[in-house]
Each structure stands twice: as structure tokens, then as C-alpha cells.
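One letter stands for each residue in the lines below.
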Amino acid sequence: MWYHKPAINEELLQSLPNLKVVASSGVGIDHLDLKLLSSYGVKVANTPFVVSIDTADMGMALLLASSRRLVEGHEMAVSPETEYFPADWLGVEVSGATLGIVGMGVIGYKVAERAKAFEMKILYHNRNQRKKEEESAVGAVYCKKIDYLLQQSDFVLLAVNLTPQTHKLIGKRELELMKPTATLINISRGLVVDQDALVEALQNKVIKAAALDVTYPEPLPRDHPLLKMKNVIITPHIGSATKKTRWVMMEEMVESIQAGLAGLPVPREVL
């Protein structure tokens, strides 16, 4: 499966009685009905680890681009109407700012490693607290409740899996807890954020900005209000989109398929 296609439903499974394994690119499995696949005796594999470095890089890229208003700056610099650069055109500091990471799995932790190099203060919210030595290595402070993280952070970065528990995890209430100077960064899944509430929060200056590698749907309708906002950066779900990573993803998928067909343990099997 690539970009969640083909859609695997009961009709497809019934038409493929000899199907043994499904290999899905990337880390997310929210598009797969694991119980249905298991009921047909089909094994599932994904590529969860290879995407981590590039996706963490993307998170930091969005943070930096948003804070320093790079997209707006580029448009100003190349516009045929620009006659001078205004002296009061300013971004916000990253060094010394507080980054709140929601979801401190492999990707979230790699974001923390990068943020430490930028001398950021790091808070994180996760289902489980990391080991003390892991926290110390990046200077991260655990927030058992997400509310405290939202209230204290200058940048809130989402790196959670999409599950029933994280569906629209960030809604109107959560956005109102954030600082009016804060930026929301999403490198997880679009449905982790209530998009209507986000539009309202940005329009009413409840938060300062958003930088999104994911939306719902993808791509957004061309008349969607998020596409018209200068304080929003949207990229086309390219967290893992580098030549090396995509090549390794394909190799891992092939490896899983070959093992499944041979009746061997499937590498990176999703249980």
C-alpha cells in the first residue's frame, strides 16, 4: 500500500483468497482495519522506524519556517511590487522558547534532540513517561496533563498516532488554553486537530500561527480558509519524502512481503 491505496475492505479481501500479507508504507495504521485483516488470516507490516529522522527534520523545518516567517519573506523578496524591505517586519525567537511535544515516541524524541540544539526548553505529554536518563539527555520535562503543556508552550508540536483517543485531540478548548503568541505544528495526522476550531482560532487570534504537514482531506479543497491565511504554512504531507527514506521504505515493504509469502516471521509486523 502506498498513500493508503488500494483501500482494503471486505470486498477486496473476499476477491483475494490467497492474500497472505499487506505491507503499508509509513508508520500510520489508522487506515487499516486490523481486526478485519486478522479475521482473513492476513498479516500486516509497516515501516515505522525509517521515517523517524526525516519526519523529525520536517517538524523542525516547519517550526523554523513559521517562527521566522520564511514563506511570507520569500513572497515579499520576489514580488514585483516590492520596493523596499520594511524594518518592522519581524519573526519570533526560537532559542530559549518553550516547545511542547505531544507524543514522545520515536519521532517526538528525535524532535526533542533537534530542539535541544536550538537551546529550546522542552515539555512533553505522552501516554507513558520516558526514562529519566532519556529525559535528561534532551532536557525534557514530562507533563502528565496536556493542559499544562498547552498553557506554557510557545510552540506545540503534534507527533501522535491517530487513534480513537487522539481523534481531534486538539479542539476549541485546547486551542484556547494555548498562548495567543503560540504556534501549532502538526506532523502526525490531520484528524488529530479539529480543523474548523483551528480556522476559528487563527481568525480570532486565539493562537498566532500554524504549520501543518497534514490536513484533512489531503489536499484541502482549493477554497478552504486555511489556504488563504498568511500565518499558516501547509506542506503536502512530505514528512518522509526524501529519496533515501522512500527507497528504504520500499525495501522494507518488499522484505516483509517476501517473508510473509515464505511463511517466515514478518519483519515489522503490526500486531
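Residues numbered from 1 in each chain as written. Predicted model: local features only at pLDDT ≥ 70, side-chain atom pairs only at ≥ 80, totals over all residues. Heavy atoms only, no water.

A. Just the layout of surface pockets, in detail. In this structure, the second largest pocket occupies an estimated 370 Å³ of space. Along the wall of the second largest pocket there are 20 residues; nearest its centre are Glu-72, Ala-209, Lys-230, Asn-231 and Val-232. Within the residue set of the lining of the second largest pocket, elements represented by two or more residues are α3 (52-67), α4 (70-78) and β9 (232-234). The residue makeup of the lining of the second largest pocket, split by class, is 9 nonpolar, 4 polar and 7 charged. (1 Å grid on protein atoms, 1.4 Å probe; cavity = no way out; pocket = protein on both sides within 12 Å on 5 of 7 lines; lining within 4 Å. Points joined across faces, edges and corners; volume = space filled by probe spheres on them. Helix = DSSP H or I, 4+ residues; strand = E, 2+ residues; numbered from the N terminus. Nonpolar A, V, L, I, M, F, W, Y, C, P; charged D, E, K, R; others polar.)

B. Fine view of the UniProt feature "domain: D-isomer specific 2-hydroxyacid dehydrogenase catalytic" (unreviewed entry) in the protein. Residues given the UniProt feature "domain: D-isomer specific 2-hydroxyacid dehydrogenase catalytic" (unreviewed entry) here are residues 2-270. Here residues 2-270 is 36% helix and 13% strand, with 16 Å between the C-alpha atoms at its ends. (UniProt positions renumbered as here; feature names shortened; annotations may be inferred.)

C. Representation of α3 in the model. Taking 1.5 Å per residue as the helical rise, α3 with its 16 residues ought to reach 22 Å, and the 23 Å between its terminal C-alpha atoms agrees with that figure. When you tally the buried positions in α3, you get 12 out of 16 residues, the bulk of the element. All buried positions along α3 are accounted for by Ser-52, Asp-54, Thr-55, Ala-56, Met-58, Gly-59, Met-60, Leu-62, Leu-63, Ala-65, Ser-66 and Ser-67. Looking one or two residues beyond α3, the residue adopting positive phi is Arg-69, at roughly 55°. (Expected span 1.5 Å × (residues − 1). Buried < 20%, exposed > 50% of the residue type's maximum accessible area, 1.4 Å probe, protein only.)

D. Representation of the sheet that holds strand β3 (residues 98-102) in the model. The 7 strands are arranged β5-β4-β3-β6-β7-β8-β9 in an open sheet whose pairing can be described as parallel. Strand pairing shows two members of the sheet lacking a second neighbour, β5 (140-142) and β9, which therefore form its edges. This sheet shows a mean twist of 15° between the axes of neighbouring strands, independent of strand direction. Pairing analysis gives 3 bridges linking strand β8 (residues 209-212) to β9, with the strands arranged parallel. Note on β9: the bridge partner recorded for Ala-211 is Ile-233. Sitting on the sheet, helix α5 (residues 106-117) is in contact with β3, β4 (121-125) and β6 (155-158), with an inclination near 170° to β3. (Pairing = 2+ DSSP bridges. Axes fitted to C-alpha atoms, helices over the stretch in contact; angles between N-to-C directions. Contact = heavy atoms within 4.5 Å.)

E. Broad picture of the nonpolar core. Counting 31 residues, the largest nonpolar core has Leu-63, Leu-99, Ile-101, Val-111, Met-120, Phe-155 and Leu-157 as the members making the most contacts within it. Within the residue set of this core, elements represented by two or more residues are α3, β3, α5, β4 and β6. Among the elements that take part in this core, α3 stands out by supplying 6 residues, more than any other. Counting 29 residues, the second largest nonpolar core, distinct from the first, contains Val-102, Leu-175, Ala-182 and Leu-202. (Core = buried A, V, L, I, M, F, W, Y, C linked by side-chain atoms within 4.5 Å.)

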